[in-house]
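Listed here are the chains, written in short residue letters.
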Amino acid sequence: MTRFGFSNLMRRFAGQGDGCTLCVAGGNEPDVIRAVVAALQRGLVTRAIITGDVNLIDDHLSPDVTAQVDIRNADTPAECAELAVAAIRSGEGDILMKGHVDSTSYLRAVVNRTAGLRGNGILSNVTVAEMSSYPKLIAATDNGIVPAPDLDQKRQILLNTAPLFRGLGIDPVKVAAVAATEKVSDALPATLDAQRLAQESRQGKLPGFVVDGPFGYDVAVSRAAAETKKLEGSAVAGEADLLLFPTIDAANAVAKSWKYHGAAETGSLVLGAVVPVLLNSRSDTVARRINALLLALAVKAGENQ
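A brief report on the enclosed structure follows.

The rules we used
Residues numbered from 1 in each chain as written. Predicted model: local features only at pLDDT ≥ 70, side-chain atom pairs only at ≥ 80, totals over all residues. Heavy atoms only, no water. Core = buried A, V, L, I, M, F, W, Y, C linked by side-chain atoms within 4.5 Å. Buried < 20%, exposed > 50% of the residue type's maximum accessible area, 1.4 Å probe, protein only. Contact = heavy atoms within 4.5 Å. Salt bridge = Lys/Arg side-chain N within 4 Å of Asp/Glu carboxyl O. Helix = DSSP H or I, 4+ residues; strand = E, 2+ residues; numbered from the N terminus.

**Re the nonpolar core**
One finds Leu44 and Leu293 to be the most contacted residues of the largest nonpolar core, which totals 59 residues. Non-local contacts of Leu44, meaning those with residues more than four positions away in its chain, are made with Met10, Phe13, Ala14, Gly15, Gly17, Cys20, Ala39, Ile290, Leu293, Leu294 and Leu297. Judged by nonpolar contacts, the second largest core, of 23 residues, contains Ala87, Ile88, Leu117 and Val270.

**Quick notes on the pattern of salt bridges**
Pairing of side chains with opposite charge becomes possible as their charged atoms draw close. Counted under the stated rule, the structure contains 13 salt bridges. Asp70 is paired through a salt bridge with Arg72; the nearest N and O atoms lie 2.8 Å apart. A relative accessible area of 23% means that Asp70 is categorised as partly exposed. Note on Arg72: relative accessible area 22%, which makes it partly exposed. Notably, a salt bridge pairs Glu182 with Lys229, separated by 3.3 Å at the nearest N-O pair.

**Concerning unusual backbone geometry**
Residue Pro172 follows Asp171 across a cis peptide bond; omega there is -5 degrees. Inspection of the secondary structure puts Pro172 in the loop between α7 (162-168) and β7 (173-178). With phi around 60 degrees, Lys230 is a residue other than glycine that occupies positive phi space. Positionally, Lys230 belongs in the loop between α10 (223-228) and β9 (242-244).

In structure tokens:
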């Protein structure tokens, strides 16, 4: 079976960004500008609004894309984030990218109740990874927004990913509700939530998703582990598309381990806002920023299906 990954998404979306504007919060870093230039040159977007130091940003722009870039001066990380979010709110932009600003300033602008980008539900973070040790794309949530989601929040976090997976062409989405053990126990609330979500999935209450669990991480990603634990009858065990974690700590640690120990190509998004919101590390490479943009384009495609 041919692996589907970020290169497939690039082939799909390159040259298809007509009318799509990228708003970048904080362009005072060469790799941020290189990512924007690459997005423009490949036709993923046709215009970019970048906030930050006008002179510094202009110095790093490639001459062939200058006419497609609108630079808006901002002196602080908070101002960079606020101006980029304001451009989205005014209808000028379609996708928000985190540039060289700290996550606190960025997310504060995004979640602001009067001037932010909140949708009707909760916001959540998802990281999608491609790595040689797993036969397909795999995603982890929530690894950046909700510290300890309750059952209702987990349900919404799951549903937030629906446009992304539709855009990726994955149907149904196989979801492993991760916990420390496969045994349901009152002492471990994550196992009770996993059991409930799996039950709702079987009842058809989560259309587009097949949820099973509770599963340890090994069972979620390894068919051999599932067989050893007599769980080979599950449609999800060993074949998960999405790992739903009980806490932000667990999800964040696993997503980072994919990058640093699994040599994974990754991209991260905030879902549930009025537009796709890229949530990358300030240290992320150009490739990871482009990966996140490709995922954002998949979300937009999924919203139109």
